[in-house]
Amino acid sequence: GSSLEPEKCSMESPAVPEDEEEEEEVEVPLSVAPGPVGCQLFGYVGIEAVLDQMKIKTMKTGFEFNIMVVGQSGLGKSTMVNTLFKSKVSRKSSQPGQEERIPKTVQLQSITHVIEEKGVKMKLTVTDTPGFGDQINNENCWDPIIKYINEQYERYLREEILISRKRKIPDTRVHGCVYFVPPTGHWLRPLDLEFMRRLSKIVNVVPVIAKADTLTLEERAEFKQRIQEDLKTHAISVYPQEDFDQDPEDRALNDRIREEIPFAVVGADQEHQVNGKRVLGRKTKWGIIEVENPAHCEFPLLRDLLIRSHLQDLKDITHNVHYETYRVRRLNESNRPG
């Protein structure tokens, strides 16, 4: 037979041992045959319209965001929340005329608003913690806060395990906890360290230096560095956590944020005229501190983190990490014999 002569084809499949035949079927199933990566389309399909569909659905149904503010009295928690959302959404703003007394124990109070911007509705719940850190003996003052956070996880879990459950489960879980550090200019107090150590395991904690306009720029930089050292020494992982960075772009962005945490912020809910423009700020003898000016304070960084760049990530980590940890623990407890 010359090389140009065609080979004889047999209609019968060659004899293959049964073991080899089974291995081939398992190793190369037809349903998962590799295809071309980045397949080029020869015309418009309309896949990009999925984004428009998601946007329209979100604008119709809206979404939920739950934030908690923690810190002792007088640090500007209510003012900061009003500044973040540019509306009267804090506890004090929603209950005017009530005499403010320091409670003997930590009392959690939640206020819910529906705010709308450019057709997008957001159901915002702000949870305040009056009485935290205001007593002579602050032992275990974080227990009511931990209990409240776990109660919201438990409420969501009970709705989720129902046989016939709602299409959209009401979400009251705390997506972010902003912790206000007093502007002492020294070190973190044992109370601050213990709170963040315990709470960072069950919720996204974002520490901020309150009323940063009471510190000079040098004092502010030194205080931030000491806080970062304290957090590292005590192995406290605040948001955004390094373990949850999904890709190099996220890691690069979050690394820049981690370098700036804790944010030195100033809150103000009054407008002033500066160079013919109306700005939010605090008026002093020496001028106006503009809260949205990065040269004056780091409030824009906090706002961008909580709302403009990481709001959905806060919700995803709450659901996929903190709530999932709670869910697994509760289901293991319920499955134990006896």
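Residues numbered from 1 in each chain as written. Predicted model: local features only at pLDDT ≥ 70, side-chain atom pairs only at ≥ 80, totals over all residues. Heavy atoms only, no water.

- Per an unreviewed UniProt entry, the protein chain goes by SEP12 protein and derives from Malurus elegans.
- As its UniProt record puts it under Sequence similarities (unreviewed entry), the protein chain is described as follows: "Belongs to the TRAFAC class TrmE-Era-EngA-EngB-Septin-like GTPase superfamily. Septin GTPase family."
- Listed in UniProt under the heading Subcellular location (unreviewed entry), the comment for the protein chain reads: "Cytoplasm, Cytoskeleton". (UniProt positions renumbered as here; feature names shortened; annotations may be inferred.)

1. A look at the overall build of the protein chain
Here's step 1: Scanning the protein chain for helices and strands turns up 10 helices and 9 strands.
Here's step 2: Residues counted as buried form 38% of the 338 residues belonging to the protein chain.
Here's step 3: Carbon and sulfur atoms make up 51% of the accessible area of the protein chain, which amounts to about 22000 Å² in all. (Helix = DSSP H or I, 4+ residues; strand = E, 2+ residues; numbered from the N terminus. Buried < 20%, exposed > 50% of the residue type's maximum accessible area, 1.4 Å probe, protein only. Areas by Shrake-Rupley, 256 points an atom, 1.4 Å probe, with all protein chains shown as cover.)

2. Topic: the sheet that holds strand β4 (residues 176-181)
Here's step 1: Spatial ordering of the open sheet is given by β2-β3-β1-β4-β5-β6, a layout of 6 strands whose pairing is mixed. In this open sheet, the two strands that pair with only one neighbour each are β2 (109-117) and β6 (263-264). (Pairing = 2+ DSSP bridges.)

3. As for the environment of Gln 273
Here's step 1: By the secondary structure assignment, Gln 273 is in strand β7 (residues 271-274).
Here's step 2: Between the alpha carbons of Gln 273 and Ile 288 there is a distance of 9.1 Å; along the sequence they are 15 residues apart.
Here's step 3: Other than its neighbours up to four places away in sequence, Gln 273 contacts Arg 278 and Ile 288. (Contact = heavy atoms within 4.5 Å.)

4. Some words on a nonpolar patch on the surface
Here's step 1: A surface patch of nonpolar side chains, amounting to about 610 Å² of accessible area, comprises Leu 41, Val 45, Ile 47, Val 50, Leu 51 and Met 54.
Here's step 2: Looking at the element boundaries, Leu 41 is found in the loop between α1 (18-27) and α2 (49-61). (Patch = residues over 30% accessible without salt bridge, like charges linked within 9 Å, V, L, I, M, F, W, Y side chains within 5 Å. Salt bridge = Lys/Arg side-chain N within 4 Å of Asp/Glu carboxyl O.)

5. Thoughts on helix α3 (residues 77-85)
Here's step 1: Most of α3 is tucked away: 8 of the 9 residues are buried.
Here's step 2: Looking at α3, one finds that the buried residues are Lys 77, Ser 78, Met 80, Val 81, Asn 82, Thr 83, Leu 84 and Phe 85.
Here's step 3: Following α3 by one or two positions, Lys 86 has its phi on the positive side, about 50°.

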